[in-house]
Amino acid sequence: MKPPLNAGQTGKISFPLLLGSLCILVVILFLFSVLIGKVMIPVGVIHEAFAEVDTAYGVIIRELRLPRAILALAIGAALGVAGAALQGLLRNPLAEPGLIGVSGTAALGAVIAFYSGLSVTFSFALPAGGMIGALISVVLLYILAGRDPSVLTLILAGVAISALAGALTTLALNLSPNPYAAFEIFFWLMGSLADRSLNHVALAVPFITVGVVLLMTTGPSLDALTLGEDVAQSLGVRLSGLQARVIIGTALAVGASVSVAGVIGFVGLVVPHLLRRAVGQSPSRLLIVSAPGGAALTLAADTAVRFLTNGPELHLGVLTALIGAPFFLGLVLKIRREG
Amino acid sequence: MHFIIITFVSFFFFLSSLAANERPERVASLNLCTDQLVLELLDRDRIVSVTYLATDPVISYLADRAKGLPKNHGLAEEILPLKPDLILAGAFTSRPTTSLLKRLGYRVVVFDMALSFDTLRLNIIKAGVVLREEKKAAQLVNTFNQHVERIHPISGIPLSVIVLQPRAAGVGQLSLLGDILRTVGFTSFSVTDETMGVGWVTLDRIIEAQPELIISEPDPPWPSLGHLAMRHPAYEAVRDKQGRVPTRINLPANLWNCGGPQVAKAVSILAKARATALDQREIK
């Protein structure tokens with residue numbers, strides 16, 4: 001890894017400027033997400049969302065668009081930060097919640113929580129299932145791949161975990177009394193924010209927030225870690241504590257995200273990759289800017305899917321994969337060249 | 001018009017069946033909708049197997065009659081030991097299965113999905129012919145016709161209606177529903193193309209359409225993402241153009257997911273719903 005010291009000077013634009021412009025971008029995209037869709041909302045009626053009497057526009061804004069925009073914001077931030085944190089901890093730019101099997105295992109947890117009927121009686125079972133699934137997979141990955149894995153080990157471990165999660169998900173669906181369960185989950189797994197409600201926001205966003213905050217606290221330790229484990233320890237970083245924070249933070253943020261939105265891949269790969277050079281290879285700064293970066297990408301993608309196809313909406317996860325896969329391939333080539 | 005077609009087709013089937021065989025005594029069905037035809041037309045002792053879906057009352061209208069019959073999951077190996085002399089399959093039954101059974105010398109008759117009242121009648125007649133229960137089948141079609149003809153919708157009064165479906169991708173069925181809605185006299189659909197044809201309606205379009213009537217299904221006993229989506233809190237806030245809460249009608253899926261005599265019940269439920277909705281409009 002390249003030296004992170006005097007990181008601020010290697011960036012092409014100053015850090016506050018970058019952060020500020022990303023935040024402004026998020027605000028603009030959030031507004032777009034609320035106003036644009038199959039039904040176009042005129043800017044002048046936004047206040048109707050909070051009026052005493054329900055109007056059609058008011059209901060659409062309050063019950064449909066707002067939850068959708070909030071979830072896109074929170075989930076995008078969660079995926080971006082989780083990607084940046086995992087990459088920092090494993091010191092590997094290919095670490096991403098989707099690629100290494102965290103999202104798939106979180107989906108397994110959510111599927112079990114839903115189709116066992118648990119989430120019908122106890123609605124928090126859904127995010128709980130997602131978070132437990134995510135937690136298991138990160139721990140498993142850590143055991144399988146070790147602390148400083150090669151690209152090959154990491155990806156192979158991810159493939160193994162994903163395959164296992166996929167198989168168990170299919171098993172769970174086969175055991176479900178719902179004859180359409182497999183069909184429903186086939187689409188759900190592609191990831192979408194369509195027609196989510198404020199209930200979903202209440203279920204997921206608190207956990208996502210705690211997870212993201214926890215991940216943010218790992219910044220200084222991750223910076224130290226770029227100098228190697230020994231140096232980091234001599235600088236006072238407790239490795240086990242750092243690992244625990246990244247693992248639990250990822251589990252909370254990604255698990256809760258997946259449980260309400262399905263699998264939205266590659267955000268955690270693309271966003272840190274795009275922003276890494278601009279923050280001068282500093283993991284702590286990358287963590288911070290990956291939050292608005294991930295939010296912006298997810299908000300933009302989630303607004304775009306409403307128009308990309310005629311008929312049924314394109315699933316968000318499909319679009320992020322279409323954007324992300326070329327990045328992944330590019331990264332693989334780059335790593336191969338660097339040998 | 002459909003009577004002529006049906007007479008012609010049934011005559012054709014009759015001729016072909018004369019050539020083919022005698023009365024089948026061991027009938028197996030590989031499709032939920034052919035299950036319904038078999039259960040409707042045959043006595044239990046002539047049925048050797050129906051699908052495992054046939055006993056689920058949520059999707060199978062004749063679930064009671066299917067209880068206790070051997071079940072299959074659409075696999076050839078489940079059917080072979082039963083030594084059926086006739087196998088009914090749906091157009092969506094796995095191709096390898098039907099072609100394997102045919103190659104092994106079994107008599108397999110494939111039924112198209114009923115996408116209109118005409119195919120519904122045709123399927124009943126066709127089943128009557130291959131099962132050698134022509135009279136029973138003709139009776140079922142007659143009763144169905146009488147039911148449908150008894151509906152005299154007050155036409156010309158538009159009433160906006162939205163049909164909610166879990167997993168709206170089960171689209172083929174929508175056209176049968178389209179025939180049902182037309183018969184009942186729903187002439188105006190707020191989200192016209194999507195609701196009538198094969199299509200998807202997004203929730204924001206539904207709210208914007210301000211429907212007077214919302215048709216959905218009762219919740220099944222099993223957890224279902226599709227049904228959960230139909231309970232989105234936004235529906236609580238949907239109002240029609242006069243600001244009233246739209247009437248909600250529960251239309252059980254088993255009344256129209258397969259084309260059969262039970263569709264007449266769906267027709268009468270919706271006819272009643274439409275009449276009530278129009279009455280209420282006059283009162284207010």
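Residues numbered from 1 in each chain as written. Chains lettered and ligands numbered in written order. Predicted model: local features only at pLDDT ≥ 70, side-chain atom pairs only at ≥ 80, totals over all residues. Heavy atoms only, no water.

A. Fine view of the overall build of chain A. When you go through chain A residue by residue, the secondary structure sums to 15 helices and 0 strands. Of the accessible surface of chain A, which amounts to about 14,100 Å², a share of 72% is contributed by carbon and sulfur atoms. (Helix = DSSP H or I, 4+ residues; strand = E, 2+ residues; numbered from the N terminus. Areas by Shrake-Rupley, 256 points an atom, 1.4 Å probe, with all protein chains shown as cover.)

B. Representation of helix H13 (residues 267-276) of chain A within the structure. Residues and elements named next belong to chain A. In terms of residue burial, H13 counts as a mostly covered element, since 8 of its 10 residues are buried. Burial in H13 covers these residues: Val267, Gly268, Leu269, Val270, Val271, Pro272, Leu275 and Arg276. Those residues of H13 that are buried lie in contact with helix H2 (15-35), helix H3 (56-90), helix H14 (283-308) and helix H15 (316-338). (Buried < 20%, exposed > 50% of the residue type's maximum accessible area, 1.4 Å probe, protein only. Contact = heavy atoms within 4.5 Å.)

C. View of the sheet that holds strand E8 (residues 247-250) of chain B. Residue and element names in this part refer to chain B. Within the open sheet, the 3 strands sit side by side as E6-E7-E8. Their pairing is parallel. Since the sheet does not close on itself, it has two edges, and those belong to strand E6 (161-163) and E8, each with one partner. Going from strand to strand, the sheet's axes swing by 20 degrees on average, the running direction of each strand aside. Direction of pairing for strand E7 (residues 213-216) relative to E8: parallel, over a ladder of 4 bridges. Note on E8: the bridge partner recorded for Ile214 is Arg248. (Pairing = 2+ DSSP bridges. Axes fitted to C-alpha atoms, helices over the stretch in contact; angles between N-to-C directions.)

D. The environment of Lys102 of chain B, seen in detail. All names here are of chain B. Residue position: Lys102 is located in helix H5 (residues 95-103). Residue Lys102 is classed as partly exposed on the basis of its relative accessible area, which comes to 46%. Along the sequence, Lys102 and Ile87 sit 15 residues apart, while their C-alpha atoms lie 9.5 Å from each other. Residues contacting Lys102, with those up to four places away along its chain left out, are Val108 and Val110.

E. Expanded view of the interface of chain A and chain B. Of the residues lining the interface, 28 residues belong to chain A; the matching set on chain B comes to 23 residues. Summing the contributions of chain A and of chain B, the shared interface buries around 2,300 Å²; its carbon and sulfur component is 73%. On inspection of chain A and its partner chain B, the count reaches 1 salt bridge. Asp204 of chain B serves as the salt-bridge partner of Arg65 of chain A, at 2.8 Å between the closest nitrogen and oxygen. Connecting chain A to chain B are 7 residue pairs in polar contact (both at pLDDT 80 or more). (Buried area = accessible area lost by both parts, 1.4 Å probe. Salt bridge = Lys/Arg side-chain N within 4 Å of Asp/Glu carboxyl O. Polar contact = N/O pair within 3.5 Å; in protein donor to acceptor, adjacent residues only side chain to side chain.)

F. Examining the confidence of the model for chain B more closely. Residue and element names in this part refer to chain B. The predicted model of chain B has a mean per-residue pLDDT of 83, with 82% of residues at 70 or higher. Confidence, read as mean pLDDT per element, is least for helix H9 (residues 192-196) in chain B (42) and greatest for strand E1 (residues 27-29) (97). Below a pLDDT of 50 lies the segment residues 169-173, which in the model reaches 10 contacts outside its immediate sequence neighbourhood of four places, other chains included. Between residues 188-199, whose pLDDT stays under 50, and residues either more than four places distant or in other chains, the model counts 30 contacts. (pLDDT = per-residue confidence, 0-100.)

G. Focus on H5 of chain B. Residue and element names in this part refer to chain B. Of the positions making up H5, those classed as buried are Thr97, Thr98 and Leu101. Within H5, the buried residues cover an arc of 90 degrees as seen down the axis, which keeps them to one side. Set apart from the buried face of H5 by more than 90 degrees, the exposed residues are Arg95, Pro96 and Arg103. In this structure, the buried residues of H5 make contact with helix H4 (76-79), strand E4 (86-90) and strand E5 (108-111). Looking at the residues trailing H5, positive phi occurs at Gly105, about 95 degrees. (Arc of directions from axis to C-beta.)

H. Summary view of the pattern of salt bridges. Under the counting rule described, the total for this entry stands at 17 salt bridges over all chains. Here Glu63 of chain A and Arg62 of chain A are joined by a salt bridge, their closest N and O atoms 3.2 Å apart. An identical accessibility class is assigned to Glu63 of chain A and Arg62 of chain A; each is buried. The closest approach of N and O atoms between Glu25 of chain B and Arg23 of chain B, which form a salt bridge, is 2.9 Å. Counted as one network, the salt bridges with shared partners bring together Arg68, Asp302, Arg306 and Glu313 of chain A.

I. Inspection of a nonpolar patch on the surface at higher detail. All names here are of chain A. Together, Ile132, Ile136, Leu140, Leu144, Leu164, Leu168, Leu171 and Leu175 line one region of the surface with nonpolar side chains, adding up to about 750 Å² of accessible area. Looking at the nonpolar patch, the elements with two or more residues in it are helix H6 (125-145) and helix H7 (151-175). With respect to the helices, strands and loops of the structure, Leu144 is situated in helix H6. (Patch = residues over 30% accessible without salt bridge, like charges linked within 9 Å, V, L, I, M, F, W, Y side chains within 5 Å.)

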